[in-house]
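# Tertiary structure, described
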Amino acid sequence: MRSKTSLVCIAAAVLFFASAFPSVAQKPAAGLPEKYRIWLDEEVLYIITPTERDVFLKLQTDRERDLFSEAFWKHRDPTPDSPLNEVKNEHYRRINYVNRYYGRSAGKPGWKTDRGRIYIILGEPNDVQRFEGKTTIYPAEIWFYQNKEGLRLPLGFNLVFFQEGGAGDYRLYSPAMDGPRTLLTNYSGDPMDYVTAYQALRELEPALADVSLSLIPGESTSAMGRPTLASDMLIQKVENASRAQVEDRYAQKFLEYKDAVEVEYSANYLISDSLVKIVKDPAGLTFVHYAVEPQRLSVNAHEDKYYTTLKINGTASTLAGQKISQFEKTVTVNLDESQMKAAKVQPFDLLDLFPLIPGTYKLSILVKNEVSKEFTSLEQTVVIPGNTPALQMTSPLLGYKTAPADRTQKTLRPFQFGPRLVYAQPSRVFARKDTLTVAFQVFGFTLQQRPSGRIRFAFQKNGQPAGEKERSIGEYGELPFVFEEFPLTDFVPAHYGLRVSLMAEGKELLAGTEEFDVTFQATVLRPWFYSKLMPDPLDPLYGRIIGGQLYSAGRAEEARVYLEKAFQADPASADTALALAQAYMDLKDYDQAVSVLVFFLSPAQAPKYEIFVLAGQARQMRADFSGAIDIFDRAVSNFGVNAVLLNAIGECYFQLGKSKEALAAWEKSLQLDPNQPDIKKKTAALKEIK
């Protein structure tokens, strides 16, 4: 007979394993409309993940809840391209079944019973053995399941339900916590003596006795009659099987982007992989290179042509939330029949790059498919190093091949490292026949450090050394670009880490790390991709972009320098003129602001609202109120009346001493927007003077 101490240890271990998995019991939702409370606390209770539940409880409107419910089922749909959602239909079939057949003896709906819960999670068992009408054992059922490997469960296993004490509803049986004695009606032995209880049960019902100690067929035990912890771990896995299969990142994205994307997109988040690297151009600019690999790319078809349009919205904000860079881009994808056949089996990668001033930022890239109304996103914190003489090293990029860059083309391509294009994939998975390319940049080795300067590449597998290579810095002839290749023939399939170290006099000065996997597969399916190109770094476009970023960062004087160069190079650019004029306004150089914008106010130019407003404000700030009124009036003629223009016109008339005209403008503004306390005060003051 086993000691009580060993049984206490088993019970404690069961409680530990139970705590490692979320319980199906969750605190009921409060304050939800009844329809949504039923959905959350009854219909999807056993399959919704904690993240999904938390997000749902944070939604504010019924419309948002309906859209989330739609997204919830879409992310469980095995055939998203068909109108039928098999998983959803099967789920509600199971609920209807258990409510009809279970729970009658317990006086509660079937979904609340143990059998109902397991049926909803796993579906109909492959076989059921029932033990009823016996005087020596309590009513019990053995449910046998097989082929549930997709839920990460054993190939075959049993679950046992019994009517505890012979009354009430059937309860899920635990070999370790209940034991064989709970299945016997007249057992009077020691509650801790599993052996005697097992032997008594075996004499009565051998089949029930077999599953009373282990729910997993063929599982061996170290001693006869000892309940296995593996069975209770199995029960916990079953309870969470439906949740474990769900990639619930979409739920958090739904919450983050529900106000940023149109309603028709919000329920259609696509899981994606992404890759972000920083590359400094020899011209002095630093670029963010990124790749987004969505779960799929949906297209429309017309005859033998396939097409879609992707909209890219990108922002880089400081950690305090200040937007420094914001851009929109459009990608049009057109494929013929042969290209579409290849695209159906290959991943699709969207590649892009953009310049960014030094700093630490939260990068956010939103990609919308205008055909399928699906969206995906990339979020990552990036650090753009400053232009200092200190030793610097960029994060290593792991590629599966390289190719010479066409330097005759005055363009920059994503993941172009100086003279070479590096082909990389967000998943960082390689086959043994691949050659791993490691690419990065090194800056700032001093003359004293160069003779002893070395670069070390150290690989690790499962935390243990798995190879090393070291070379002199002088052996790299394309500095600041460094390229090193490693055939993977001798790398057994596993997860690897790589540490790249800059060394001098035997000491590590800087290091960068990356991770990758070597797969058992003979080959890795590589993506087809769309690369968004940028002009040559000497293009005046960059002066406007960098100047605009500096202005957004509150550095107007530095912005002015870049914007003036850009404007001199392209004086016909309205966007550059507007950005430069804004910098002049911040620097209180109103004459320069007027001068920059005057060309774009001529009738020969296409009117731009922001230019008219800023030009009027510049004249207003230098006390040319009549000139400002003229520009604001022209803005009204071109773009229609609004409160901003009327308030500015009213202020100019007021400064000219024309109270009647000022009052008329402000009163009309209040008709358009009554919620303007300052304008109300001004109109009231003028009326008192009258």
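## Points about the overall build of the chain
- Helix and strand counts for the chain come out as 22 helices and 27 strands.
- Scaling as 2.2 N^0.38, a compact globule of 690 residues should have a C-alpha radius of gyration of about 26 Å, whereas the chain reaches 35 Å, well beyond that.
- Each principal axis of the C-alpha atoms in the chain carries an extent, and together these give about 105 × 80 × 60 Å.
- Buried residues in the chain amount to 47% of all 690 residues.
- Contacts in the chain between residues far apart in sequence, at least 24 positions, make up 62% of those at least 6 positions apart.
- A total accessible area of about 33500 Å² is found for the chain, and carbon and sulfur atoms account for 51% of it.
- Of the side chains in the chain, 80 bear a positive and 84 a negative charge, and the two mean positions are spaced by 1 Å.

## Considering the environment of Asn-147
- The topology assignment puts Asn-147 in the loop between β2 (140-146) and β3 (156-162).
- With 21 residues separating them in the primary sequence, Asn-147 and Asn-126 have C-alpha atoms 9.5 Å apart.

## Some remarks on the packing of helix α16 (residues 574-586) against helix α17 (residues 590-597)
- The interhelical angle for the contact between α16 and α17, taken along N-to-C directions, is 170°, at an axis separation of 8 Å. Relative to α17, the element α16 is oriented roughly antiparallel. Across from Ala-577, Leu-578, Leu-580, Ala-581, Tyr-584 and Met-585 in α16, the residues of α17 making contact are Tyr-590, Gln-592, Ala-593, Val-596 and Leu-597.
- For the contact of α16 with α17, the per-class residue count stands at 10 nonpolar, 1 polar and no charged.

## Some words on the sheet that holds strand β19 (residues 429-430)
- Strand order across the open sheet formed by 5 strands is β19-β25-β24-β21-β22, with mixed pairing between neighbours. Because the sheet does not close on itself, it has two edges, and the strands there are β19 and β22 (464-472).

## A few points about unusual backbone geometry
- Pro-480 follows Leu-479 through a cis peptide bond whose omega is 10°.
- Phi at Asn-462 is positive, roughly 55°, even though this residue is not glycine.
- Within the element layout of this structure, Asn-462 appears in the loop between β21 (454-461) and β22.
- Assessed through its relative accessible area of 62%, Asn-462 is described here as exposed.
- For Ala-623, which is not glycine, the phi dihedral falls at a positive 70°.
- Tracing the backbone through its elements, the reader meets Ala-623 in the loop between α18 (609-621) and α19 (625-639).

## Focus on the nonpolar core
- By size, the foremost hydrophobic cluster in this structure holds 79 residues, and its most contacted members are Val-288, Tyr-290, Leu-356, Tyr-361, Leu-363, Ile-365 and Leu-597.
- Filtering out sequence-adjacent residues up to four positions away, Val-288 remains in contact with Val-276, Lys-277, Ile-278, Asp-352, Leu-353, Phe-354, Leu-356, Leu-363 and Ile-384.
- Of all hydrophobic cores here, the second largest spans 41 residues; its members include Leu-45, Leu-208, Leu-215 and Ile-235.

## Some points on empty space enclosed by the protein
- All told, the structure shown has 2 cavities of 30 Å³ or more when counted by the stated rule.
- By volume, the largest cavity amounts to about 120 Å³.
- Together, 13 residues line the largest cavity, and Leu-351, Pro-414, Val-422, Tyr-423 and Phe-529 are the ones closest to its centre.
- Counting residues per element, the ones that place at least two in the lining of the largest cavity are β10 (348-355), β18 (420-423) and β26 (528-531).
- If you tally residues by element for the lining of the largest cavity, the top one is β18, at 3 residues.
- Considering only residue class, the lining of the largest cavity consists of 10 nonpolar, 1 polar and 2 charged.
- Each pocket or cavity is described by its volume, and for the second largest cavity that value is around 100 Å³.

## Regarding the confidence of the model for the chain
- On average, the chain scores 91 in pLDDT, and the residues at 70 or more come to 95%.
- Note that pLDDT drops below 50 for residues 1-24; the model gives that stretch 35 contacts with residues more than four away or on any other chain.

## Observations regarding the pattern of salt bridges
- Counted by the stated rule, this structure contains 44 salt bridges.
- Between Glu-141 and Arg-115 there is a salt bridge whose closest N-O contact spans 2.9 Å. Linking Glu-141 in strand β2 with Arg-115 in helix α6 (residues 114-122), this pair joins segments that are 26 residues apart in sequence. Across the pair, exposure class does not vary: Glu-141 and Arg-115 are buried alike.
- Taking the shortest distance from any N to any O, the salt bridge between Asp-575 and Lys-608 comes out at 3.5 Å. You can see Asp-575 sitting in helix α16 and its partner Lys-608 sitting in the loop between α17 and α18, a full 33 residues away along the chain.
- Connected through shared salt-bridge partners, Arg-115, Arg-130, Glu-141 and Asp-169 make up one network.

## Let's talk about the pairing of strand β20 (residues 435-443)
- The element β20 is largely enclosed, with a buried count of 7 among its 9 residues.
- Across 2 bridges, the pairing between strand β13 (residues 392-393) and β20 is antiparallel. Its bridge partner lying in β20, Met-393 is registered against Val-442.
- As paired elements, strand β14 (residues 397-399) and β20 share 3 bridges and run antiparallel to each other. What sits directly across from Gly-399, in β20, is Thr-437.

## Re the packing of aromatic side chains
- Following the criterion strictly, the structure yields 39 aromatic pairs and no others.
- Seen from their ring centres, Phe-457 and Phe-486 are 5.4 Å apart, and the 65° between their planes marks the pair as edge-to-face. Residue Phe-457 is found in strand β21, and its partner Phe-486 is found in strand β23 (residues 481-487); the two are separated by 29 residues along the sequence. Assigned by exposure class, Phe-457 and Phe-486 land together as buried.
- Judged by centre distance (5.4 Å) and plane angle (15°), the rings of Tyr-496 and Phe-516 are stacked. You can see Tyr-496 sitting in strand β24 (residues 494-504) and its partner Phe-516 sitting in strand β25 (residues 507-518), a full 20 residues away along the chain.
- Exposure remark for Tyr-496: the relative accessible area of 3% places this residue in the buried category.
- Here the aromatic residues Tyr-36, Trp-39, Phe-56, Phe-68, Phe-72, Trp-73, Tyr-92, Tyr-250 and Phe-254 are joined through ring pairs into a cluster of three or more.
- Taking NZ or CZ as reference, Lys-469 lies 5.4 Å from the ring centre of Phe-486, over its face.

## Section: the side chain of Asp-77
- With respect to the helices and strands, Asp-77 occurs in the loop between α4 (62-74) and α5 (86-101).
- For the buried Asp-77, which has no salt bridge, the nearest side chain bearing the opposite charge is Arg-296, at an N-O separation of 8.0 Å.
- A polar side-chain atom of Asp-77 sits 3.0 Å from the main-chain amide nitrogen of Thr-79.
- If near-sequence neighbours (up to four positions away) are discounted, Asp-77 is found in contact with Ser-82, Leu-84, Asn-85 and Glu-86.

## As for the pairing of β25
- Alignment of β19 against β25, held across 2 bridges, turns out to be parallel. Of the residues in β25, the one forming a bridge with Val-429 is Asp-517.
- Where β24 meets β25, 11 bridges bridge the pair, whose relative direction is antiparallel. In the strand pairing of β25, Gly-497 is matched with Glu-515.

Here is what the cut-offs are and how they apply
- The residue numbering used here restarts from 1 in each chain and proceeds along that chain's sequence as written.
- Note on the predicted model: pLDDT of at least 70 is required for a residue's local features to be given, and 80 or more for side-chain atom pairs to be given and counted; whole-chain, interface and lining totals, by contrast, use all residues.
- Heavy atoms throughout the structure, all of them, feed into the side-chain values; hydrogens and water do not.
- Numbering of helices and strands starts at the N terminus; helices are DSSP runs of H or I of at least 4 residues and strands are runs of E of at least 2.
- Based on C-alpha atoms, the radius of gyration is set beside the globule rule, defined as 2.2 Å times the residue count to the power 0.38.
- Throughout this description, buried means an accessible area under 20% of the type-specific maximum (1.4 Å probe, protein chains only), exposed means over 50%, and partly exposed covers the range between.
- Contacts were defined at the residue level, with two residues in contact if any of their heavy atoms lie within 4.5 Å.
- Each accessible area is a Shrake-Rupley result for a 1.4 Å probe, and residues are judged covered by the shown protein chains and nothing else.
- In this tally, Asp and Glu contribute negative charge and Lys and Arg positive charge; neither His nor the terminal groups of the chain are included.
- Throughout, a charge is located at the NZ atom of Lys, the CZ atom of Arg, the CG atom of Asp or the CD atom of Glu.
- Between N-to-C directions, angles span 0 to 180 degrees; the directions come from axes that are lines fitted to C-alpha atoms, helices contributing only their stretch in contact.
- Here the angle decides the label: under 35 degrees means roughly parallel, over 145 means roughly antiparallel, 65 to 115 means roughly perpendicular, and every other value means oblique.
- Under the convention adopted here, Pro, Cys and the residues Ala, Val, Leu, Ile, Met, Phe, Trp and Tyr are nonpolar, Asp, Glu, Lys and Arg are charged, and Gly plus all remaining residues are polar.
- Strands are treated as partners if at least two bridges between them are detected by DSSP.
- Residue types Ala, Val, Leu, Ile, Met, Phe, Trp, Tyr and Cys, when buried and joined through side-chain atoms within 4.5 Å, form a set referred to as a nonpolar core.
- Any residue with an atom within 4 Å of a point lines the site, the site being either a cavity, points on a 1 Å grid over the protein atoms alone where a 1.4 Å probe fits but cannot get out, or a pocket, an open set with protein on both sides within 12 Å along at least 5 of 7 lines.
- Grid points are joined across faces, edges and corners, and a volume is the space filled by probe spheres set on the points.
- What pLDDT reports is the predictor's confidence in each residue, on a scale of 0 through 100.
- Criterion for a salt bridge: a side-chain nitrogen of Lys or Arg within 4 Å of a carboxyl oxygen of Asp or Glu.
- Note on ring pairs: Phe, Tyr and Trp rings are taken, using the six-membered ring of Trp, and paired if centres are within 6.5 Å. Classes follow the plane angle, with under 30 degrees stacked, over 60 edge-to-face and the rest tilted.
- Any Lys NZ or Arg CZ that is within 6 Å of a ring centre and within 35 degrees of that ring's normal is treated as a charge sitting over the ring.
- Whenever two N or O atoms come within 3.5 Å, that pair is a polar contact, provided that in protein one can donate a hydrogen and the other can accept it, and provided that, for residues adjacent in sequence, both atoms are side-chain atoms.

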